[in-house]
Amino acid sequence: MPSKNNSKPSLTDLPAFEALEDHYNLINQLNMRHLFATDEKRGEKYSIKHKSLLLDYSKNRIVDETIPLLCDLAREVNLESWRDRMFAGDKINNTENRAVLHTALRNETNQPIYVDGEDIMPKINATIDKMEVFANKIRKGTWKGFSNRTITDIVNIGIGGSDLGPKMVYNALKPYHHKNLTVHFVSNVDGAHIDDILEDIDPETTLFIVSSKTFTTQETITNAHIARKWLLKSDAKEQDVSKHFVAVSTNIEEATKFGIDADNMFEFWDWVGGRYSLWSAIGLSIVLSVGMENFKKMLSGAHSMDEHFKETPLEENMPVIMGLLGVWYNNFFGAESHGIFPYDHYLRDLTFYLEQADMESNGKSVDRNGKKVDYATGPIIWGTSGINGQHAFYQAIHQGTQMIPSDFIVSILTHSSHQDQHDIMMANALAQTEALMKGRTLDETYSDFVESKVKLENVEDRIHHMVFEGNNPTNTLLLTKLTPRSLGMLIALYEHKIFVQGIIWNLNSFDQWGVELGKKLTKNILAEFGQPDPVTNHDSSTNSLINYYKSVVYGQD
Ligand SMILES: O=P(O)(O)OC[C@H]1O[C@](O)(CO)[C@@H](O)[C@@H]1O
């Protein structure tokens with residue numbers, strides 16, 4: 001058994017962490033209501049603007065000393081040097097010996113970035129050019145299917161990072177879609193998912209993109225084979241497959257084995273993590289839909305957030321502040337989850353995307369040296385469209401026993417023609433963060449009744465149910481308008497927030513070993529479904545569940 005390098009002190013032993021503990025003990029009972037009442041400038045003071053993105057973090061349980069102390073912690077763990085190493089292409093993904101360079105994919109400056117002595121910018125640019133040429137053919141209708149018809153439907157087959165990012169962006173950029181192209185996303189290995197889509201499309205006018213970093217993911221490869229068979233059940237012949245299938249992968253060998261032409265392959269590289277890959281060729285479905293010009297605007301927005309992250313002092317740095325506030329609640333207040341609530345219909349998939357981005361990155365319990373941590377790491381990320389959440393789970397945020405820090409994300413200008421509806425949504429978002437911060441005291445609850453003149457039976461018994469403690473932390477992120485550029489900024493903001501937290505927690509945020517064991521056991525169980533005898537080699541629960549399944553489906557006892 002190899003020994004672990006335990007020489008580095010734990011996060012909780014660092015002087016800056018201990019200073020934060022003392023600070024927490026001093027201020028954790030303070031109420032934000034009081035803090036707002038005693039500082040008229042609080043809202044303005046605790047906000048950061050970067051281009052069209054405004055972060056108001058004033059409704060957090062902080063005082064003037066808090067952010068500097070959190071920044072001391074960031075400095076003590078060398079956040080700035082880790083950040084610079086990431087941008088420079090150092091192999092900071094130590095368990096896979098890989099660089100972490102999704103930022104290179106949006107490196108507008110085109111300054112060389114080296115991996116193993118090779119400048120990677122020329123190959124990034126070549127792939128972008130290849131994507132553009134291909135996308136233009138589809139978008140202009142010059143690429144023809146086997147029966148000489150133009151393509152009207154794109155099906156992206158992928159899962160995890162090869163699905164969530166492109167799907168989230170596709171939905172977010174609806175106003176920029178090509179009018180004659182619809183993109184569908186298949187991820188689930190449940191045949192019902194692909195069936196639902198195949199039912200609505202025509203093999204003569206459909207293009208499949210098989211998107212898989214590894215090209216070995218069971219769900220994706222299974223779905224890709226189903227799609228291929230479906231195509232060949234029409235009048236299409238083997239030689240027509242290349243007109244209807246393209247691949248996006250780092251594994252050219254496997255994609256070739258699947259039967260995809262080299263001309264129809266769009267490459268990316270092992271220094272792009274799956275959940276950070278929407279900026280790469282994995283974004284092909286986005287380019288097909290919104291065009292390369294808009295895709296480049298999204299890259300440019302992300303690049304501007306990269307520059308902000310690299311160049312702004314920690315105390316005014318948006319991703320740093322968001323990351324550190326998360327650490328404040330996680331490690332000091334004991335919050336276990338973090339809510340993401342977009343108040344924008346087009347951003348409805350953002351939370352799902354961030355669940356993977358955040359939890360696959362920082363949901364870890366050993367540090368980058370393999371040592372078990374003795375502090376909390378990545379929180380549970382959850383949420384949905386805010387306005388829907390209000391009528392579902394906000395009850396628990398307002399009056400439950402758990403602290404749930406959350407982000408409210410709102411676009412000021414709407415793409416919709418219904419300004420009155422947009423006003424309602426905006427007012428709701430602002431009202432929620434105000435209510436979460438302020439709460440409503442017992443006295444105020446009484447006065448509200450008196451004012452409203454509502455006669456309630458047994459007010460005395462009920463009144464306590466109507467009190468809101470408040471003091472619930474929120475961030476408000478305002479986008480001037482949801483555009484390719486502001487979307488790029490927003491996504492990069494969260495990527496860097498996750499990075500900041502990973503560094504504080506001393507994690508490798510760029511591997512995902514936690515997904516492997518389940519994949520391995522799936523293979524064993526799948527093989528056992530085909531065996532005639534009952535299985536006995538698992539625990540008694542798994543044995544009986546497998547045997548029950550086999551008896552119902554295959555009639556085996
Ligand atoms: O793009 P691939 O290699 O098919 O992987 C899909 C997803 O599966 C994972 O490896 C998890 O199993 C994710 O990290 C990744 O985004």
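What counts and what doesn't
- Residues numbered from 1 in each chain as written.
- Predicted model: local features only at pLDDT ≥ 70, side-chain atom pairs only at ≥ 80, totals over all residues.
- Heavy atoms only, no water.
- UniProt positions renumbered as here; feature names shortened; annotations may be inferred.
- Helix = DSSP H or I, 4+ residues; strand = E, 2+ residues; numbered from the N terminus.
- Buried < 20%, exposed > 50% of the residue type's maximum accessible area, 1.4 Å probe, protein only.
- 1 Å grid on protein atoms, 1.4 Å probe; cavity = no way out; pocket = protein on both sides within 12 Å on 5 of 7 lines; lining within 4 Å.
- Points joined across faces, edges and corners; volume = space filled by probe spheres on them.
- Nonpolar A, V, L, I, M, F, W, Y, C, P; charged D, E, K, R; others polar.
- Patch = residues over 30% accessible without salt bridge, like charges linked within 9 Å, V, L, I, M, F, W, Y side chains within 5 Å.
- Areas by Shrake-Rupley, 256 points an atom, 1.4 Å probe, with all protein chains shown as cover.
- Salt bridge = Lys/Arg side-chain N within 4 Å of Asp/Glu carboxyl O.
- Lys, Arg positive; Asp, Glu negative; His and termini not counted.
- Charge placed at Lys NZ, Arg CZ, Asp CG, Glu CD.
- Pairing = 2+ DSSP bridges.
- Axes fitted to C-alpha atoms, helices over the stretch in contact; angles between N-to-C directions.
- Phe/Tyr/Trp six-rings, centres within 6.5 Å; stacked < 30°, edge-to-face > 60°.
- Lys NZ or Arg CZ within 6 Å of the ring centre and 35° of its normal.
- Core = buried A, V, L, I, M, F, W, Y, C linked by side-chain atoms within 4.5 Å.
- Domains from an automatic or database assignment.
- Contact = heavy atoms within 4.5 Å.
- Near = heavy atom within 4 Å.
- Polar contact = N/O pair within 3.5 Å; in protein donor to acceptor, adjacent residues only side chain to side chain.
- Sits in = over half its atoms within 2 Å of the grid points.

The protein appears in an unreviewed UniProt entry as Glucose-6-phosphate isomerase from Cocleimonas flava. We quote the UniProt Function (unreviewed entry) comment for the protein here in full: "Catalyzes the reversible isomerization of glucose-6-phosphate to fructose-6-phosphate."

Colleague: Could you clarify how one ought to interpret unusual backbone geometry in this entry?
Modeller: Even without being a glycine, N471 presents a positive backbone phi close to 65 degrees. Inspection of the secondary structure puts N471 in the loop between helix 19 (459-462) and strand 13 (474-481). The buried category is assigned to N471, whose relative accessible area is 8%. A positive phi angle is found at N506, which is not glycine, with a value near 60 degrees. Along the chain, the position of N506 falls in the loop between helix 20 (484-504) and helix 21 (516-529). You can call N506 buried: its relative accessible area is 12%.

Colleague: For this particular structure, what's the right way to read the layout of surface pockets?
Modeller: Think of a ball as big as a water molecule: rolled over the atoms, this probe shows where empty space is left. Counted as a void, the largest pocket has a volume near 990 Å³. Forming the boundary of the largest pocket are 38 residues, of which T214, T217, V515, E516 and K519 lie nearest the centre. For the lining of the largest pocket, the elements supplying multiple residues, two or more each, are helix 9 (218-232), helix 14 (350-362) and helix 21. In terms of residues, the lining of the largest pocket owes the most to one element, helix 21, which gives 6 residues. Looking at the lining of the largest pocket residue by residue, the class counts come to 9 nonpolar, 18 polar and 11 charged. Its boundaries defined by the atoms lining it, the second largest pocket holds a volume of some 410 Å³. Looking at the second largest pocket, it is lined by 19 residues, and the ones nearest its centre are H345, T414, S416, H422 and M425.

Colleague: Looking at this model, I keep getting lost on a negative patch on the surface. Mind explaining?
Modeller: Taken together, the side chains of D13, E18, E21, D22 and D374 define an acidic patch exposed on the protein surface. Along the chain, D13 falls in the segment before helix 1 (15-27).

Colleague: Quick question: what am I supposed to make of the pairing of strand 7 (residues 206-211) here?
Modeller: Within a regular strand, side chains alternate between the sheet's two faces. Burial runs high along strand 7: 6 of the 6 residues are buried. Neither face of strand 7 is left uncovered, since the one carrying T206, F208 and V210 and the one carrying L207, I209 and S211 both have all their residues buried. Relative to strand 8 (residues 245-249), strand 7 is paired through 4 bridges, and the arrangement is parallel. Its bridge partner lying in strand 8, S211 is registered against V248.

Colleague: I tried to follow the sheet that holds strand 13 on my own but got confused; where do I start?
Modeller: What links the strands of a sheet is backbone hydrogen bonding, and the strands pair in either a parallel or an antiparallel sense. What the 6 strands build is an open sheet, ordered 1-2-13-12-10-11; its pairing is mixed. Two strands close off the open sheet at either side, each with one partner strand: strand 1 (47-50) and strand 11 (380-382). The average angle at which neighbouring strand axes cross in this sheet is 15 degrees, direction not considered. Taken together, the 3 bridges between strand 10 (residues 337-343) and strand 11 define a ladder with parallel strand orientation.

Colleague: Would you mind showing me how to read the packing of aromatic side chains here?
Modeller: For any pair of aromatic rings, the description rests on two quantities: the centre-to-centre distance and the angle between the ring planes. Here the structure, examined in full by the defined rule, presents 28 aromatic pairs. With centroids separated by 5.4 Å and ring planes inclined at 80 degrees, the aromatic side chains of W328 and F333 adopt a geometry described as edge-to-face. You'll find W328 and F333 in the same group, each marked buried. Aromatic pair F393 and Y394: ring centres 5.6 Å apart, planes at 45 degrees, arrangement tilted. Judged by its relative accessible area of 2%, Y394 is buried. Grouped by ring-pair contacts, the aromatic residues F17, Y24, W328, Y329, F332 and F333 constitute a single cluster. Lying across the ring of W82, R85 places its NZ or CZ 4.5 Å from the centre. In this arrangement the basic side chain of R106 is found over the ring face of W279, its NZ or CZ atom lying 4.5 Å from the centre.

Colleague: I'm lost on the nonpolar core in this one. Help?
Modeller: Nonpolar side chains tend toward joint burial in soluble globular proteins. One finds L207, W271, W328, L477, L487 and I504 to be the most contacted residues of the largest nonpolar core, which totals 122 residues. For this core, the domains that each give at least three residues are domain 1 (11-91 + 312-438 + 472-511) and domain 2 (115-296). Residues contacting L477, with those up to four places away along its chain left out, are L53, L54, L55, M318, M322, F408, I409, V410, L490, L493 and Y494. The next biggest cluster of nonpolar side chains, apart from the first, holds 24 residues, and it includes V155, V210, A224 and A227.

Colleague: Help me understand the site of the ligand in this model?
Modeller: In the region of the ligand, 13 residues are neighbours, and S162, S212, K213, T214 and T217 sit closest. Contact distances for the ligand include 2.6 Å between an oxygen atom and a side-chain N or O atom of S212. One of the side-chain N or O atoms of T214 is found 2.6 Å from an oxygen atom in the ligand. Here the ligand has 390 Å² of accessible area as a free molecule, and 89% of this is covered by the chains. With respect to the detected pockets, the ligand is housed in the largest pocket.

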